[in-house]
Amino acid sequence: MATANKYKVIGTRPVRHDGVDKVTGRARYGADTKIQGMLYSAMLRSPHAHAKIKRLDTSKAEKLPGVRAVVTAKDLPDPGTRIAQLGEGAVCMAHLTRNVLAREKVLYKGHAIAAVAADNIHIAEEAVKLIEIEYEPLPVLLDVREAMKPSAIVLNDDVRCEEVGAGTTGSTPTNVAKHFHFEKGNVADGFAKAKVVVEREFVTGTVHQGYIEPHAATATWNPDGRVTIWCCTQGSFTVRQQCSELLGVPLGHIKVVPTEIGGGFGGKISVYLEPVAAALSKKSGKPVKLVMDRAAVLEATGPTPASYMKVKIGVDGDGKITAGTAYMAFDAGAFPGSPIGMAAMCAFACYDVPNGSVDGYDVCVNKPRTNAYRAPGATNGAFAVESVIDEICEKLKLDPLEFRAKNAAKEGTRRVDGPVFPRIGMWETVDYLKKSEHYSTPLPKPKFGGKVGRGVASGFWFNCGLKSAAFATVNTDGSVSLSLGTTDIGGSRASIAMQLAETLGLTATDINPNVVDTDAVGYNDVTGGSRVTFATGIAAYEAGEDIKRQMVQRAAVLWDVDPSQVSYDVATASLIGPGKNITFKALAEQVNHCGGPVIGRGFSSEANQGGSFGTHCVDVEVDPDTGKTQILRYTISQDVGTAVHPSYVEGQLQGGVVQGIGWALNEEYWYDDKGVMRNASYLDYRIPTIYDVPMIDTILVEVPDPEHPFGVRGVGEVPIVPPPAAVANAIANAVGVRMEKLPMSPPNLLKEILAGK
Amino acid sequence: MAKKRVVTTTLNGNQTEFLCEPRQTLLEVLRDNLDLTGTKEGCSNGNCGACTVILNGRPVDSCLVLAVEAEGATLRTIEGVATAAGLDPIQKAFLEGAALQCGICTPGFIMQSEWFLSQNPKPTEDEIRFNLAGNLCRCTGYDKIVRSVQDAATTWQDHYMKNCHEKGCH
């Protein structure tokens, strides 16, 4: 709204640079890799959720004609107890290697055990059936609260409970890997000042990112020990680091070539197939491709945790929050590392909570090791906190947006976990939504003969900065080739190229953005944390500034004047000297003869984002006879900083909302008592179809982030945070039932409706 | 292993013969034997629509068709949609309407949308949603896909009436 007219390129909607490749089928994704002489491979996966591996014999599989190599955990070096810094934080290598290929035990159904490379996929699949394996089944733990009991069987002997903050670690093996405790003010005093206190318990199921492209990796291990890996990843550099650690190969001997990536949402950061494909290539001497099927994607990659939460909030007679507490236990899956820490930090972040405490627990259970999923952890917490707030507003007869405006976190508000907010736009998202046509319009009449209701909810996500590097070379026709190391998961080539164009006064089409391999650009952290348009944007901006300085020097050589007499005019994209000027394009034609090629470089290292907020409004219609909820109308109001390419910003908001609607209404892993996921297909793990949802209206609130030269904020993650709570609040408004369980699927909701009667 | 079979098809307007095993799906043959990797594999059991191709004038999930079943068939894949003259209107509409993010589902959506518009050049929003419900997208929330199909329908109705027939969409 505010910033649109400040810029020439930023705020416009050019066709994305990689678009033609993607609408013609020419773009190469993970499984599209084909290398001369390549083998195909398949994996043996555990049918048990928890078992000791008593015997593993691959000899019959190895003898099948057409089989070229079989690998098991024995083909990966034992990392011992090593903890490695892998860009995203400390990773216990003993756990990572056991997740890639099981060693002593299998810890979840689908856990990878062995892999076969053969002349074609069918031979590889037949050979997998010839691997002989004996298991000793163990008791299965699926529920966090069960797994936290002292009597529970322990999944990992080496896990001790780390008290984060206190800095102490327990002495006995446990499933509880971490306990976070945050505290602010005096909680007891806070609750004493409250007029209304509501405390509720919530449970949510395991959900998956659901990207349409299954994981795929192709690797070549050359006789000189150098390894090349082609894969669809959110972070080529972290794949390089992880594979270096897992394979025992020097980092510099591994080149990771990122293909296009068909969705990730946090699930394509950790490696699964890459080291296995490399080990198969080493053993067979040929390039090897390994692709997951859909069932493996659901059963054996990293979904996001199921959770148990208890939230208590007190509000005084003026409608101000006086205190809040949250207890959150997240299932980490087979190995520690759920996003519980971030969940605990986000829980109350939308509000100015004077007295609060949050306890978070990271708990191992017999499910796949969890991973990030779009604002990891925040959605679970928001479901609980925003539901309690809605109930309080109902009790106090307060308009839920008035309440949020009154209690909104602002610049200077201290979060319960400590940090103080810089300039943020929480209040503005509420204000814009309050004034929206949707919120000012009465509820529609039922379309299907059910009951209608409206709900609102807010959400917060940090957005991170991390490291990005880029370089840009000026071509003789005045175009600029931009080399990037952050994979483009949804339009970032365009949003970064636009920032370089803005910096130089060029057009978006003057820039040729390319995502290049790990040997071809400086270090980049992953595409994640809503950071790429922000941080790689800064790197591109810096590269642009570097180009300007060099172009000034080249013009000075051309005109034989001192560089201090030359300046770069962005408005006209030209160099201005004493009585002279030359356009960028005209000078580009001559730079090779007046000083040499111009190569700009830039990186972002220290910049950190101020965080992103959204407030959502949804109208639903509930069929009280079946428990089915239909979304009638949805509006999302989000602080997007500066919308670089508004179409793709809207797209991020719409996509996040619809994923959140899926989480709210349909999605969950159904486990039987043996720990077998019974709905490991898209038919039964039902993500929203185009027929399930309406248009998603977006309000782009622009509160520029002062940390970024163009005020960019990450936009990708926070839109998934409020939907489950907003839908739950709308259902409560429609049928008077407060859902404390996700998903709010027809059977789950009908049960509560009937219980209410 | 059963003997390989020779299958003769008309693929994207050209007579194309290929050798395949009876157990190979049409999707596998398109991607692995014929290097037409524009048709994507998302689930291999007909749930996601990423592998949609037009077989004898009807959209099918190519993962659910055996390659040998394509004997004598007319096939159209994403590789046959754009011509030397440029993009097809539905491709253009997806591009200009930002109807893709990661792009993996896009070929399937384009095949299904183009076929659907050839059948129903003036669809309502509800009809568009109903007819694309077999194609899953996890990135966009579908809003811009619906709008792009609407745009293609209003701007290029004539195109579909004229050209699709020639290209064998119906």
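Residues numbered from 1 in each chain as written. Chains lettered and ligands numbered in written order. Predicted model: local features only at pLDDT ≥ 70, side-chain atom pairs only at ≥ 80, totals over all residues.

**Section: the overall build of chain B**
A tally of regular secondary structure across chain B gives six helices and five strands. Counting from the amino terminus, helix and strand elements in chain B follow one another as β-β-α-β-β-β-α-α-α-α-α. Scaling as 2.2 N^0.38, a compact globule of 170 residues should have a C-alpha radius of gyration of about 15 Å, and chain B matches this with 16 Å. Projecting the C-alpha coordinates of chain B onto the three principal axes gives extents of approximately 50 × 35 × 25 Å. Within the span of chain B, comprising 170 residues, buried residues form 58% of the whole. Sequence separation of at least 24 residues holds for 61% of the intrachain contacts in chain B that already meet a minimum separation of 6. (Helix = DSSP H or I, 4+ residues; strand = E, 2+ residues; numbered from the N terminus. Rg over C-alpha atoms; globule rule 2.2 N^0.38 Å. Buried ≥ 20, exposed ≤ 12 C-beta atoms within 10 Å, placed from the backbone. Contact = placed C-beta atoms within 7 Å.)

**Topic: the domain arrangement of chain B**
Residues and elements named next belong to chain B. By domain assignment, chain B separates into domain 1 (5-80) and domain 2 (89-167). Inter-centroid distance (C-alpha atoms) of domain 1 to domain 2 is 21 Å. Opposite the 13 residues of domain 1 that make contact, domain 2 presents 12 residues. If one sorts the elements of the side of domain 1 that touches domain 2 by residue count, strand β3 (residues 52-55) sits on top with three residues. In terms of residue class, the side of domain 1 that touches domain 2 is made up of seven nonpolar, four polar and two charged. (Domains from an automatic or database assignment. Nonpolar A, V, L, I, M, F, W, Y, C, P; charged D, E, K, R; others polar.)

**So, the domain arrangement of chain A**
Residues and elements named next belong to chain A. If you check the domain split of chain A, you get domain 1 (4-27 + 465-604), domain 2 (33-138 + 213-262 + 268-300) and domain 3 (307-463 + 609-756). Using only C-alpha atoms to locate each centre, domain 1 and domain 2 end up separated by 38 Å. Across the boundary between the two partners, domain 1 contributes 14 residues, which contact 16 residues of domain 2. Across the side of domain 1 that touches domain 2, the residue classes tally to five nonpolar, six polar and three charged.

**Brief notes about the sheet that holds strand β2 (residues 51-57) of chain A**
All names here are of chain A. The three strands lie next to each other as β6-β2-β8, forming an open sheet whose pairing is antiparallel. What marks the edges here is a single partner per strand, and that holds for β6 (105-106) and β8 (132-137). Bridge count for β2 against β6 is two bridges, and the pairing is antiparallel. Its bridge partner being in β6, K52 is matched across the sheet by K105. (Pairing = 2+ DSSP bridges.)

**Quick look at the nonpolar core**
Residue and element names in this part refer to chain A. Of all hydrophobic cores here, the largest spans 307 residues; its most connected members are V116, I229, L500, V727 and I731. By residue number, the principal contributor to this core is helix α16 (residues 532-559), which donates 12 residues. Ignoring any residue separated from it by four or fewer positions in sequence, one finds I229 in contact with A217, A219, V239, C243, I254, V256, V257, E274 and A278. (Core = buried A, V, L, I, M, F, W, Y, C linked by C-beta atoms within 7 Å.)

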